[in-house]
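Residue-level structural notes
Take a look at the letters that make up each chain.
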Amino acid sequence: MDVLSTQKKALLLGNEAVVRGAVEAGIDVATTYPGTPSSEIADTFSKIAQYYKNKGLEPGFYFQYSTNEKVALEFAAAAAVSGLRALTCMKHVGLNVASDTFMTYMYVGCKAGHVIITADDPSCHSSQNEQDNRYYAKFGNAPLLEPSDPLEAKDMVMEAFKISEELSLPILFRMTTRTSHIRGPVSLGRINLKKKKGKFEKNPLMVTVPEVARKLHPILLEKMEMAEKISENSRFNYVEDFGGNAGIVSSGPSHNYVREAVEELGVKCKILKLGMTNPLPRKMCIDFLKACGRVLVVEELEPFLEEQLKAIAHEEEIDVKIYGKGYGGLSRIYEYDVDIVERVIRKFFGLKEKESASSSIPIPPRPPVLCPGCPHRATYYAVKQVAPEGTIYPTDIGCYTLGKAPPLEVADFLLCMGSNVGTACGFSYATNQKVISFMGDSTFFHAGLPGIVNAVHHNHDCIITVLDNRTTAMTGHQPNPGTEYDGMGNEAVMLKVEDVVRGLGVKHVEVVNPNNLEKTKETFRRALEYKGTSVVVSKAPCILLIPQERRAGSFEIDQNKCTKCEVCIKKFGCPAFYYDGDKIKIDETLCSACGVCTQVCEPHAIRRKK
């Protein structure tokens, strides 16, 4: 494993570099709920643990895929206040789930270092929004570090543990899709893994009743004043001087684009590179602004740095013009790239605009689709056959969201993890329409349970479908409480969705294999007739978990029997079907041989290929 290399350098992903930094820093506990773009951080911890276990060695740390981000943060917080170094990683919206814990945890603080990694997703490559989590650092009074590349990510993680322990305060560590997924050379040090046990020492200031919270809040603000002094002297905040009196301020991946454009164009400027961005190094910023006649701020998403720099300039009465969002196409939305940043820097320095290299050749859209053989497609097809017109389909976060696309179109409303159930309850009250909601098994354990309790308690008339494909599929097949093994590779207690919902008081519960379409349709017919809350567990493993040898072979269409009804394409929608002139055929390189399509073909024209 490159991340455990004993060489002087290794080529690592940004996410792998984070793990290497934690391993060299002597990590004791790592927790997560998987979410792209942070997934490889947790998966790498899991692989390391299992690598050592398979060799009969003690991993030297504990790793857990927790049921959700809030639990992950709470588990690690308990370890950190007991004197064990901890790391918790999640995607940006995961911090929304953990925010209740996060906000008060900053009051309580930690004993050993605790690094909380949030991976933001500009451009929503795999997310429902592109919120800028740097504001959580301001909101919660958390020191914030932002690396620009894998080497800096590794070094910053190590530094983050030191800062956390110096301040007795968790550190927020912001990755983005680009810093998580770029690969770069990383200088390596000594691996420092040794299993330890902590000791919790009781302290009445750790029970945040109002009287205690009032005492802790000013202490937190004092810690942030200390953090500003650390920021002033941080080696991750520095000025690069290329001459002239124009200034550019940047952080995170934007700094890479700025450096590349400045070198390419040969412009004279000073660059203030900020790696510790909360609190800002105020004195350093004042000196920089005073040294520059005008300043360009390049940062992705919100004007987090720009607004603070403008406030500093105003308060200090510094005569400097600061440019940021809205200038030259610097947007508050979407991910930047070197072309965007170079165009802005050309304008800033009065250089001729670069000719566009865009092509006039139209590029066909390639939307993501459910895999051939995905059991979710079979469930959706069966539901559409029996649900009355006007049925509302609240959905959730996972592969099954892809059911939104034609021809299935079984996703009408989505807010966040677990929202399918709460909104199903709301729709059942607000309308006279039938409601059938969908979520995966991992989402069920993550945030689905409170909504089901709410549905049962208030007897809301809705069908809650749990698409149980035996894994957390979309983020890379991580285990969840419904699987037999945990993230360390240990045997775990496997919870059955149907048992849990019966325990919650759901009276109408059915389990069905969606690959049997007739039985699935009968199951949903009975659920539709039931008045009250019902749960259908549609259980079949993700097609990618089935061994390749069991997916061997293909199906074909007997052209003499095919009536060109197009149900296989226009209603079932498996991507293995395609038009060849006026014929419909099956691409055997895509076909997973699941055979469900034979059940949708009334003329029985689909047969196994010999």
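Preceding block: the structure.
Residues numbered from 1 in each chain as written. Predicted model: local features only at pLDDT ≥ 70, side-chain atom pairs only at ≥ 80, totals over all residues. Heavy atoms only, no water.

As for the overall build of the chain
- Each helix and strand counted, the chain has 19 helices and 22 strands in total.
- Seen along its three principal axes, the alpha-carbon backbone of the chain occupies a region of about 80 × 65 × 55 Å.
- Looking at the 610 residues of the chain, the share that counts as buried comes to 55%.
- Sequence separation of at least 24 residues holds for 77% of the intrachain contacts in the chain that already meet a minimum separation of 6.
- Accessible surface for the chain amounts to roughly 27,300 Å². Of this, 52% is attributable to carbon and sulfur atoms. (Helix = DSSP H or I, 4+ residues; strand = E, 2+ residues; numbered from the N terminus. Buried < 20%, exposed > 50% of the residue type's maximum accessible area, 1.4 Å probe, protein only. Contact = heavy atoms within 4.5 Å. Areas by Shrake-Rupley, 256 points an atom, 1.4 Å probe, with all protein chains shown as cover.)

Things to note about helix H2 (residues 39-54)
- Over its 16 residues, H2 extends 22 Å from the first C-alpha to the last, a length consistent with the 22 Å expected when each residue adds 1.5 Å.
- When we look at burial in H2, the residues that qualify are Ser39, Ile41, Ala42, Asp43, Thr44, Phe45, Ser46, Ile48, Ala49 and Tyr52.
- Directly beyond the C-terminal end of H2, a positive phi value near 75 degrees is found at Gly56. (Expected span 1.5 Å × (residues − 1).)

Quick notes on a negative patch on the surface
- On the surface, Glu260, Glu264, Asp337 and Asp339 cluster together into a patch of negative charge.
- Considering the arrangement of structural elements, one finds Asp337 in the loop between strand E14 (321-323) and helix H12 (338-348).
- For Asp337, a relative accessible area of 34% translates into the label partly exposed. (Patch = residues over 30% accessible without salt bridge, like charges linked within 9 Å, V, L, I, M, F, W, Y side chains within 5 Å. Salt bridge = Lys/Arg side-chain N within 4 Å of Asp/Glu carboxyl O. Lys, Arg positive; Asp, Glu negative; His and termini not counted. Charge placed at Lys NZ, Arg CZ, Asp CG, Glu CD.)

Quick look at helix H9 (residues 252-265)
- The end-to-end C-alpha distance of H9 is 21 Å, a good match for the 20 Å that 14 residues give at a rise of 1.5 Å each.
- Among the residues of H9, those classed as buried are Gly252, Pro253, Ser254, His255, Tyr257, Val258, Arg259, Ala261 and Val262.
- Backbone geometry just after H9 places Gly266 at a positive phi near 65 degrees.

Examining unusual backbone geometry
- Of note, the amide linkage connecting Asn278 to Pro279 takes the cis form, showing an omega dihedral of -5 degrees.
- Mapped onto the secondary structure, Pro279 falls in the loop between strand E12 (276-278) and helix H10 (282-291).
- In the segment running from Pro406 into Pro407, the intervening peptide bond is cis, with an omega of 5 degrees.
- Tracing the backbone shows Pro407 in the loop between helix H13 (375-386) and helix H14 (419-430).

What about the sheet that holds strand E2 (residues 29-32)?
- With respect to topology, 7 strands assemble into an open sheet ordered E3-E2-E4-E5-E7-E6-E12, the strand pairing being mixed. On the outer flanks of this sheet lie strand E3 (62-65) and E12, each paired with one strand and no other.
- Strand direction decides the pairing type here: strand E4 (residues 86-91) and strand E5 (residues 114-120), joined by 6 bridges, are parallel. From the neighbouring strand, Cys89 faces E5, where its bridge partner is Ile117.
- The strands touched by helix H4 (residues 92-108) are E4, E5 and strand E7 (171-176); relative to E4, the strand with the most contacts, the crossing angle is about 140 degrees.
- Packed on one face of the sheet, helix H6 (residues 150-167) meets E4, E5, strand E6 (144-145), E7 and E12 and runs near 165 degrees to E7. (Pairing = 2+ DSSP bridges. Axes fitted to C-alpha atoms, helices over the stretch in contact; angles between N-to-C directions.)

Brief notes about the nonpolar core
- Among the nonpolar cores identified, the biggest contains 88 residues, and Phe45, Leu87 and Phe173 are the most heavily contacted of them.
- Top element by residues in this core is H6. It accounts for 7 residues.
- If we skip the residues at most four places from it in the chain, Leu87 touches Val18, Ala22, Ile27, Val29, Ala30, Thr31, Ile41, Phe45, His114, Val115, Ile117 and Phe161. (Core = buried A, V, L, I, M, F, W, Y, C linked by side-chain atoms within 4.5 Å.)

Some thoughts on the sheet that holds strand E16 (residues 462-468)
- One open sheet accounts for 4 strands, arranged E15-E16-E18-E17; its pairing is parallel. With one partner strand each, in any of the chains shown, strand E15 (436-440) and strand E17 (508-512) form the two edges of the open sheet. In this sheet, adjacent strand axes meet at a mean angle of 20 degrees when their direction is disregarded.
- Set on the sheet, H14 makes contact with E15 and E16; between it and E15 the angle comes to about 175 degrees.

Describing the layout of surface pockets
- The calculated volume of the largest pocket comes to roughly 930 Å³.
- Looking at the lining of the largest pocket, the elements with two or more residues in it are H4 and helix H15 (441-457). (1 Å grid on protein atoms, 1.4 Å probe; cavity = no way out; pocket = protein on both sides within 12 Å on 5 of 7 lines; lining within 4 Å. Points joined across faces, edges and corners; volume = space filled by probe spheres on them.)

In short, geometric facts, not functional conclusions.
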